[in-house]
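Chain by chain, the residues run as shown.
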Amino acid sequence: MQPPAEHVHWMFATGFLVLGLCLLAEAIVGPEVWGRRRWRAYLWPGFAFGMGIFMWPVMVFFTNSTIHTLAHGAWAQVMMLAGGAELGLVRGKLKSPLWRLCIALAFLVSGTAFLIHEQNGWYFQRSAFLHHLIGWTMVTATIFPLGRALRRRSLVFESGFALTFVVLAVFLYCDRDLAPIFGHLSPLAGNPHR
Amino acid sequence: MNAELASQLKARTAHRTARARAVSALGPLTIVAGLAWAFVQPYRITLLHPRGQGFWWLFVEPPLWVVVVGILFALGVAPGLIEDLAAEEADAAAR
């Protein structure tokens, strides 16, 4: 009894929304206040790590080609790496703030994987459009985690980083298995079933 | 106390109050966004027309999940965060 692929996208969208809200709150109050309660400091890195773990069953059960499998596997790995690095920093096991560059790497790898594994053009159908849009958004938004790693406490980088997750959540909520995009739907895509 | 220092302190407090307001607005804004989405696209809530729907279509209700995330943030994260922000503000004022 597997959920349809679009439902999986919506579940991950909800995860990204949680991440976005936590990061936005952290950007507003600053890392010192955010870290005053230990559980809160672990909240979003732990959530990101957990989402990486949940990406593995998605890779196993919801991919229908090698390139899809590789893309989902890459997302699982970089999400766990980014979440794990932040957990290490919060715990004090990792000292160098440059470990925050793992998130920049995760953004770049994720965005590139989105762009490479989408074989169709922008207007083929909605999911193809969203893959291109999310891919380019993540590649462009790499500037935020990069800046955040190099210049901690920059409101622009911190809030840009947080809002990227909110935007990703919105994009993922828009995803459907088969639906038109701005009136375009390739006849090769099939008939919308909902 | 020097009047100039008092005015600086007041400005800092006002700034921090704005931060507390921003944090406390995040949850309600998310809830409003979810409710607005539910009104604009009611067909995304299959609980409104449950007949013939499978488990996943009844369980995954994106607009309602957005509302739930907003509620959880507003009740679970924001109050403690605002409390800690006030404590930090008090510490800074004492220094």
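Residues numbered from 1 in each chain as written. Chains lettered and ligands numbered in written order. Predicted model: local features only at pLDDT ≥ 70, side-chain atom pairs only at ≥ 80, totals over all residues. Heavy atoms only, no water.

Caption draft 1: Molecular detail of the overall build of chain A. What chain A contains, in helices and strands, is 8 helices and 0 strands. Helices (α) and strands (β) of chain A occur, in sequence order from the N terminus, as α-α-α-α-α-α-α-α. Its C-alpha atoms give chain A a radius of gyration of 17 Å, near enough to 16 Å, the size a compact globule of 194 residues would have. Summarising its shape, the C-alpha atoms of chain A cover approximately 55 × 30 × 25 Å along the three principal directions. Taking as baseline every contact in chain A between residues at least 6 positions apart, the subset at least 24 positions apart corresponds to 67%. When the accessible surface of chain A is split by element, carbon and sulfur atoms take 70% of a total near 9000 Å². (Helix = DSSP H or I, 4+ residues; strand = E, 2+ residues; numbered from the N terminus. Rg over C-alpha atoms; globule rule 2.2 N^0.38 Å. Contact = heavy atoms within 4.5 Å. Areas by Shrake-Rupley, 256 points an atom, 1.4 Å probe, with all protein chains shown as cover.)

Caption draft 2: How the structure looks around the overall build of chain B. For chain B, the count of helices and strands is 3 helices and 0 strands. Beginning at the N terminus, the succession of helices and strands in chain B can be written as α-α-α. Within the span of chain B, comprising 95 residues, buried residues form 36% of the whole. A separation of at least 24 residues holds for 63% of the contacts in chain B among residues at least 6 apart in sequence. Accessible area of chain B: about 5700 Å², with a carbon and sulfur share of 69%. (Buried < 20%, exposed > 50% of the residue type's maximum accessible area, 1.4 Å probe, protein only.)

Caption draft 3: Expanded view of the pattern of salt bridges. Inspection of every chain in the model, using the stated rule, returns 9 salt bridges over all chains. A salt bridge links R37 of chain A to E83 of chain B; its shortest N-O distance comes to 3.0 Å. Of the two residues, R37 of chain A sits in the loop between α2 (31-34) and α3 (38-61) while E83 of chain B sits in helix α3 (residues 62-94), which places them in two different chains. Take R37 of chain A: its relative accessible area is 25%, and that puts it in the partly exposed class. By sharing partners, the salt bridges in this structure join R37 and R40 of chain A together with E83 and D84 of chain B into a single network. (Salt bridge = Lys/Arg side-chain N within 4 Å of Asp/Glu carboxyl O.)

Caption draft 4: Representation of the nonpolar core. F12, F16, W34, W44 and Y173 of chain A are the most contacted members of the largest nonpolar core, which has 58 residues in total. At 13 residues, the largest contribution of residues to this core is made by helix α1 (residues 5-29) of chain A. Apart from residues no more than four positions distant in its own chain, W34 of chain A is found in contact with C22, A25, E26, V29, R40, A41, L43 and W44 of chain A together with V77 and L81 of chain B. (Core = buried A, V, L, I, M, F, W, Y, C linked by side-chain atoms within 4.5 Å.)

Caption draft 5: Inspection of the confidence of the model for chain A at higher detail. Looking at chain A, the pLDDT average stands at 89 and 98% of residues meet or exceed 70. Here α2 of chain A stands out as the least confident element of chain A, with mean pLDDT 90; helix α8 (residues 155-173) of chain A is the most confident, with 94. (pLDDT = per-residue confidence, 0-100.)

Caption draft 6: Structural context of the packing of α1 of chain A against α3 of chain B. One can describe the packing of α1 of chain A onto α3 of chain B by two numbers: an axis separation of 10 Å at closest approach and a directional angle of 25°. Here α1 of chain A lies roughly parallel to α3 of chain B, going by the angle between them. Between α1 of chain A and α3 of chain B lies a crossing whose hand is right-handed. Contacts between α1 of chain A and α3 of chain B pair W10, M11, T14, L17, V18, L21, C22, A25 and V29 of chain A from the former with P62, W65, V66, V69, F73, L81 and L85 of chain B from the latter. When grouped by side-chain class, the residues that make up the contact of α1 of chain A with α3 of chain B number 15 nonpolar, 1 polar and no charged. (Axes fitted to C-alpha atoms, helices over the stretch in contact; angles between N-to-C directions. Parallel < 35°, antiparallel > 145°, perpendicular 65-115°, else oblique. Left-handed = near helix turned anticlockwise from the far one by under 90°. Nonpolar A, V, L, I, M, F, W, Y, C, P; charged D, E, K, R; others polar.)

Caption draft 7: Representation of the interface of chain B and chain A within the structure. At the interface, 27 residues of chain B touch 28 residues of chain A. Together chain B and chain A conceal approximately 2600 Å² of surface at their shared face, both sides included; 72% is due to carbon and sulfur atoms. Taken together, chain B and chain A are joined by 4 salt bridges. The residue D84 of chain B makes a salt bridge to R37 of chain A at a minimum N-O spacing of 2.9 Å. The element that contributes the greatest number of residues to the side of chain B that touches chain A is α3 of chain B, accounting for 15 residues. The residue inventory of the side of chain B that touches chain A, partitioned by class, reads 17 nonpolar, 4 polar and 6 charged. (Buried area = accessible area lost by both parts, 1.4 Å probe.)

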